[in-house]
Amino acid sequence: MAITMNNWILVLNAGSSSLKFALVDAITGDSGFEGLAERLGNTDAVITIKSNGNKSESKIADGKMASAIAMVMSALPADTVPAAIGHRVVHGGEKFRQSVVIDDSVKAGIKDCAKLAPLHNLANLEGIEAAQQAFPNLPQVAVFDTAFHSQLEPQVYQYAIPQSLYRDHHIRRYGMHGTSHQYVGEQAAIALGQDFNNIQIITAHLGNGCSASAIRNGHSVDTTMGMTPLEGLVMGTRSGDVDPGIILWLAQQQGMDGDQLSDLLNKKSGLLGLSELTNDCRGIEEAAAEGHAGAKLALDVFCFRLARTISALTVGLDRLDALIFTGGIGENSELIRARVTEQLSIFKLAINETANADRKRSNPNIAQPGTTPVLVINTNEEYMIAKQTLSLCQ
Ligand code: ADP
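Keep in mind that what you see is a predicted model, and the values were worked out from it rather than measured. (Residues numbered from 1 in each chain as written. Predicted model: local features only at pLDDT ≥ 70, side-chain atom pairs only at ≥ 80, totals over all residues. Heavy atoms only, no water.)

*Asks:* Teacher, can you tell me more about the overall build of the chain here?
*Replies:* Per the secondary structure count, the chain includes 15 helices and 13 strands. The C-alpha radius of gyration of the chain comes to 21 Å, within 12% of the 21 Å expected for a compact globule of 394 residues. Principal-axis analysis of the C-alpha atoms gives the chain an extent of 55 × 55 × 45 Å. In the chain, which comprises 394 residues, the proportion classed as buried is 52%. The contacts in the chain between residues at least 6 apart in sequence include a share of 62% that link residues at least 24 apart. Side chains of the chain give 31 positive and 41 negative charges; the mean places of these two sets differ by 1 Å. (Helix = DSSP H or I, 4+ residues; strand = E, 2+ residues; numbered from the N terminus. Rg over C-alpha atoms; globule rule 2.2 N^0.38 Å. Buried < 20%, exposed > 50% of the residue type's maximum accessible area, 1.4 Å probe, protein only. Contact = heavy atoms within 4.5 Å. Lys, Arg positive; Asp, Glu negative; His and termini not counted. Charge placed at Lys NZ, Arg CZ, Asp CG, Glu CD.)

So, in structure tokens, the structure goes:
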């Protein structure tokens, strides 16, 4: 499968009710064409396309994923034919340890992994099938969110529950956000002038979903998300870790069923549940500054849990070369970076206040001289997916 025409990759991230897309130059990361289809499956579905600085919004008459992808295809700039399509796929299970060119057996494998992530993987598969119809001549690649964590060792990935659940149902920790952890890890190594395969770092991806990873010698050795994205850190609306006994109590004493528990822990918890105000971190910070008690509590719990978790992740390393912040919160929240590093001074972490506050920083390292580097790196999952797609198609 040889590509000689160009380096443009159409990156698709198909969710249960949305489709994010971007046309990305896999060499430079440039993108002049991107957008989002929202409310898919509903009568008010819309697609927003930004192309060379112009923004347009259109209704998707039947609300279908296939129609959204067809609209993307017809809106592509006339002089830019993608060389291939890269799909973000959430769960690769134990089967997919790296990105793969999609064929029928890969599609069957993604469907099989849907047992572990039904909503996500089936939506990803729908995106793949619609893209194959729209672009039958283009190679398509699946890039898995779990793949970067695929070298976790058994003591890291096994839950202390009966082994039959692992053997029969593949219940174990997998980790997510792998594409982002790998991207910012590689960028951090470049910024520090070190070899990614010989560096030991912790990456904190803090967006609506939050996870942190310990990276050692080019791969993830520990990470906070588990079989699902619900485990680990406090997130926008997800609880992260809770005593599993609470779930039993809610089921047994309050009669809550699976759907109610899922709604509670995935959509009503986290920053939203703690603050009783919003899931949006910027809004929480503003309200806390004005004295809102719930917002202050949400910030305290978020920062404490993050610091405690970063500390725990050092167990997988024998030195800490750098701490990396990324995602909407990690890239933008001066306050959270300052509070978390302050709580981790035991690891010789101390940030420079001026560098932390400088939004136009030319150097990503915001640490005080002579302390462990703390880097702020903008994630770019689309670029990483484009790079991996191109490398498999050349
Ligand atoms: P997603 O996981 O959906 O991609 P993002 O990575 O865009 O989310 O992160 C969204 C989060 O980033 C929101 O909680 C938002 O409030 C937060 N955020 C964005 N800018 C700031 C800021 N200046 N200060 C604090 N939080 C911010």
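*Asks:* Looking at this structure, how should I read the side chain of N6?
*Replies:* Within the secondary structure layout, N6 lies in the segment before strand 1 (8-14). Polar contacts involving the side chain of N6 include one to the main-chain carbonyl oxygen of V81, which spans 2.6 Å. Ignoring any residue separated from it by four or fewer positions in sequence, one finds N6 in contact with V81, P82, A83 and L390. (Polar contact = N/O pair within 3.5 Å; in protein donor to acceptor, adjacent residues only side chain to side chain.)

*Asks:* For this particular structure, what's the right way to read the packing of helix 10 (residues 281-289) against helix 11 (residues 293-313)?
*Replies:* Running from amino to carboxyl end, helix 10 crosses helix 11 at an angle of 120°, the nearest separation of the two axes being 7 Å. With respect to helix 11, the element helix 10 is oriented oblique. Helix 10 and helix 11 meet at a crossing whose hand is left-handed. Residue-level contacts link I284, E285, A287 and A288 of helix 10 to A295, K296, A298 and L299 of helix 11. Considered class by class, the residues forming the contact of helix 10 with helix 11 number 6 nonpolar, no polar and 2 charged. (Axes fitted to C-alpha atoms, helices over the stretch in contact; angles between N-to-C directions. Parallel < 35°, antiparallel > 145°, perpendicular 65-115°, else oblique. Left-handed = near helix turned anticlockwise from the far one by under 90°. Nonpolar A, V, L, I, M, F, W, Y, C, P; charged D, E, K, R; others polar.)

*Asks:* Please explain the environment of S99 as it appears in this structure.
*Replies:* Relative to the elements of secondary structure, S99 occurs in the loop between strand 6 (84-89) and strand 7 (100-101). Look at S99 and you get buried, because its relative accessible area is 12%. Contact partners of S99, with chain neighbours within four places excluded, come to V141, A142, V143, Q388 and L392.

*Asks:* Would you take a moment to explain the packing of aromatic side chains for this structure?
*Replies:* How two aromatic rings sit relative to each other is set out by the distance from centre to centre and by the angle between their planes. Here the structure, examined in full by the defined rule, presents 5 aromatic pairs. Ring plane angle 45° and centroid distance 6.0 Å describe the contact between F21 and F33, whose orientation is recorded as tilted. Separated by 12 residues along the polypeptide, F21 in strand 2 (residues 19-25) and F33 in strand 3 (residues 33-38) bring together distant segments of the chain. For F21, a relative accessible area of 3% corresponds to the buried category. Taking 4.5 Å as the distance between ring centres and 5° as the angle between the ring planes, the aromatic pair formed by F96 and F144 counts as stacked. On the criterion of sequence distance, the pair formed by F96 in the loop between strand 6 and strand 7 and F144 in strand 8 (residues 140-144) is long-range, its members being 48 residues apart. Taken individually, F96 and F144 each receive the classification buried, so the pair is uniform in this respect. Of note, R172 hangs over the ring of Y157, and the distance from its end group to the ring centre comes to 3.7 Å. Residue placement shows K387 over the ring face of Y383; its charged tip is 4.6 Å from the ring centre. (Phe/Tyr/Trp six-rings, centres within 6.5 Å; stacked < 30°, edge-to-face > 60°. Lys NZ or Arg CZ within 6 Å of the ring centre and 35° of its normal.)

*Asks:* Help me understand the packing of helix 2 (residues 104-113) against helix 3 (residues 118-134) in this model?
*Replies:* Helix packing for two helices is described by the angle between their axes and how far apart those axes are. It is the contact of helix 2 with helix 3, at a shortest axis distance of 8 Å, that shows an interaxial angle of 160°. Taken together, helix 2 and helix 3 sit at an angle that is classed as roughly antiparallel. Between helix 2 and helix 3 the crossing geometry is left-handed. Contact residues: helix 2 offers K107, I110, K111 and C113, while helix 3 offers N121, L125, I128, E129 and Q132. A breakdown of the residues in the contact of helix 2 with helix 3 according to their chemical character gives 4 nonpolar, 2 polar and 3 charged.

*Asks:* Teacher, can you tell me more about empty space enclosed by the protein here?
*Replies:* Where empty space is left becomes clear once a probe the size of a water molecule has been rolled over the atoms. Taken as a whole and assessed by the stated rule, the structure comprises 3 cavities of 30 Å³ or more. Of the pockets and cavities examined, the largest cavity occupies roughly 60 Å³. In terms of lining residues, the largest cavity is bounded by G93, E94, F96, R97, T146, A147, H149, S150, R172 and Y174. Grouping the amino acids of the lining of the largest cavity by side-chain chemistry returns 3 nonpolar, 4 polar and 3 charged. (1 Å grid on protein atoms, 1.4 Å probe; cavity = no way out; pocket = protein on both sides within 12 Å on 5 of 7 lines; lining within 4 Å. Points joined across faces, edges and corners; volume = space filled by probe spheres on them.)

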